[in-house]
Amino acid sequence: MKHLIGIEDLTNEEIDALIATAEDIIANPAKYAEVCHGKKLATLFYEPSTRTRLSFESAMMELGGNVIGFSEAQSSSAAKGESVADTAKVISCFADIMVMRHFKEGAPMVASLNSTIPVINAGDGGHNHPTQTLTDLLTIKREKGRLDNLTVGLCGDLKFGRTVHSLISAMARYKNIKFVLISPDELKIPDYIKQDVLEKNGIEYVETASLDGAMPELDILYMTRVQRERFFNEQDYIRLKDSYILTPEKLDSAKSDLAILHPLPRVNEISVAIDKDPRACYFRQVLNGKYIRMALIKYLLEVAR
Ligand code: CP
């Protein structure tokens, strides 16, 4: 039995196979319509979500399976003090696979240690969000036709943005990747990512506060929201929240085949005027999230086609 807690739980071969399955699902959806018939997915969401929860639920339904779960901790027995470990044991009695989002870093790991069914981390605090990373990789592959030889700009809240941490770990495995880390000083990427992922693997990166300066060399621009819910001080959030706002004028110096990604939800960091630019990929990225999660559910449940 396999869990997905961090992107490091998947080998390069497994990631490539998941992307290939997702592309086959996109091309041949009817082939997959019943592969999870009789199976149940449980979604345990202790933190708000629109895309991740609903794309998992939609993915399971399109595979012919069923869905149970809760969308807020208050409607579960967590409100009465039940532990994550006990909840995982209970859900193992009802479902074949579970997806957990939790405000505490490490909660899905605790669930996996107490579960008899596969556990998928759907985001734990400011730590990891591996299925967003799979979504991002599928999107980059479909938009650029490759996952190597790319200059990737990551812009905004690189400190608390868990999607950025997982994406760097995943993209660092591919050849000739350069990262441009664009953030205010207070929201720089944590040292452990720089030391354990970038420097340890000899990956080229630069840190800058200037989106304008970085723009001309980027193949990918990954915008992120400033994570209000992770700030201790509202004043700091208000001061930093509009550090970067992508407007059409800022794209004047960008490559014509730039791919603009964002895990969403967005607040102010991408002007809605960008949405009609063909380089804006973020709503196609949302749809890719459903397909890659279909591929992942199928893989972890070990169901045959
Ligand atoms: N990208 C993402 O995780 O979105 P939700 O918070 O809506 O699930």
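These figures come from a predicted structure and were not determined experimentally.

## Section: the environment of Asp-124
Among the secondary structure elements, Asp-124 is positioned in strand 4 (residues 119–124). A relative accessible area of 1% means that Asp-124 is categorised as buried. Sequence separation of Asp-124 and Glu-47 is 77 residues, and the distance between their C-alpha atoms is 9.1 Å. Beyond its immediate chain neighbours, meaning those up to four positions away, Asp-124 contacts His-102, Lys-104, Glu-105, Gly-106, Pro-108 and Arg-162. From its side chain, Asp-124 meets the backbone nitrogen of Gly-106 in a polar contact 2.9 Å long. A polar contact is formed between the side chain of Asp-124 and the backbone nitrogen of Asn-128, at a distance of 3.1 Å.

## Section: the pairing of strand 6 (residues 177–182)
Taking burial as the measure, the six residues of strand 6 include six buried ones, the bulk of the element. Neither face of strand 6 is left uncovered, since the one carrying Ile-177, Phe-179 and Leu-181 and the one carrying Lys-178, Val-180 and Ile-182 both have all their residues buried. Inspection of the sheet shows strand 5 (residues 150–155) paired to strand 6 by six bridges, in the parallel sense. Directly across from Gly-153, in strand 6, lies its bridge partner Val-180.

## A closer look at the packing of helix 5 (residues 130–144) against helix 10 (residues 282–301)
The N-to-C vectors of helix 5 and helix 10 enclose an angle of 115°; their axes lie 8 Å apart at closest approach. You can see that helix 5 and helix 10 cross each other, and the crossing is right-handed. Facing Thr-131, Gln-132, Leu-134, Thr-135, Asp-136, Leu-138, Thr-139, Arg-142 and Glu-143 of helix 5, the residues of helix 10 in contact are Arg-284, Gln-285, Asn-288, Gly-289, Tyr-291, Ile-292, Arg-293 and Leu-296.

## Section: the sheet that holds strand 4
Strand order in the open sheet formed by four strands is 2-1-3-4, with parallel pairing between adjacent strands. Each edge of the open sheet is held by one strand with a lone partner, namely strand 2 (66–70) and strand 4. When the angles between neighbouring strand axes are averaged without regard to direction, this sheet yields 15°. Bridge count for strand 1 (residues 40–45) against strand 2 is five bridges, and the pairing is parallel.

## Thoughts on the site of the ligand
If you check the shell around the ligand, you find Ser-49, Thr-50, Arg-51, Thr-52, Arg-101, His-129, Gln-132, Pro-263 and Leu-264 and nothing else. The separation between an oxygen atom of the ligand and a polar side-chain atom of His-129 is 2.9 Å. In the environment of the ligand, a nitrogen atom lies 3.0 Å from a nitrogen or oxygen atom belonging to the side chain of Gln-132. Calculation on the ligand without its partners gives an accessible area of 250 Å², and the protein chains cover 91% of this total. Per-class residue counts for the shell around the ligand are two nonpolar, five polar and two charged.

## Section: the pattern of salt bridges
Counted according to the given criterion, the structure contains 19 salt bridges. Between Lys-141 and Glu-23 there is a salt bridge, with the nearest N and O atoms lying 3.5 Å from each other. With Lys-141 in helix 5 and Glu-23 in helix 1 (residues 12–27), this pair connects stretches of sequence that are 118 residues apart. Taking relative accessible area as the criterion, Lys-141 reaches 26% and is therefore assigned partly exposed. By relative accessible area, Glu-23 is classed as partly exposed at 28%. One salt bridge connects Lys-178 with Glu-204, and the closest N-O pair in it is separated by 3.8 Å. Residue Lys-178 is found in strand 6, and its partner Glu-204 is found in strand 7 (residues 204–208); the two are separated by 26 residues along the sequence. Look at the salt bridges and you will find they share partners, linking Lys-178, Glu-204 and Glu-217 into a network.

## Details of the pairing of strand 7
Across five bridges, strand 6 lies against strand 7 in parallel orientation. When the bridges of strand 7 are listed, Ile-182 appears paired with Thr-208.

## Focus on unusual backbone geometry
Following Leu-264, the chain continues to Pro-265 via a peptide bond in cis, the omega torsion being 0°. Of note, Pro-265 is situated in the loop between strand 9 (259–261) and helix 10. Although it is not a glycine, Asn-149 sits at a positive phi angle of roughly 55°. Along the chain, Asn-149 falls in the loop between helix 5 and strand 5. According to the relative accessible area criterion, Asn-149 is partly exposed, its value standing at 39%. With a phi close to 55°, Asn-176 is a non-glycine residue in the positive phi region. Here Asn-176 lies in the loop between helix 6 (162–171) and strand 6.

Basis of the calculations
Residues numbered from 1 in each chain as written. Predicted model: local features only at pLDDT ≥ 70, side-chain atom pairs only at ≥ 80, totals over all residues. Heavy atoms only, no water. Helix = DSSP H or I, 4+ residues; strand = E, 2+ residues; numbered from the N terminus. Buried < 20%, exposed > 50% of the residue type's maximum accessible area, 1.4 Å probe, protein only. Contact = heavy atoms within 4.5 Å. Polar contact = N/O pair within 3.5 Å; in protein donor to acceptor, adjacent residues only side chain to side chain. Pairing = 2+ DSSP bridges. Axes fitted to C-alpha atoms, helices over the stretch in contact; angles between N-to-C directions. Left-handed = near helix turned anticlockwise from the far one by under 90°. Near = heavy atom within 4 Å. Areas by Shrake-Rupley, 256 points an atom, 1.4 Å probe, with all protein chains shown as cover. Nonpolar A, V, L, I, M, F, W, Y, C, P; charged D, E, K, R; others polar. Salt bridge = Lys/Arg side-chain N within 4 Å of Asp/Glu carboxyl O.

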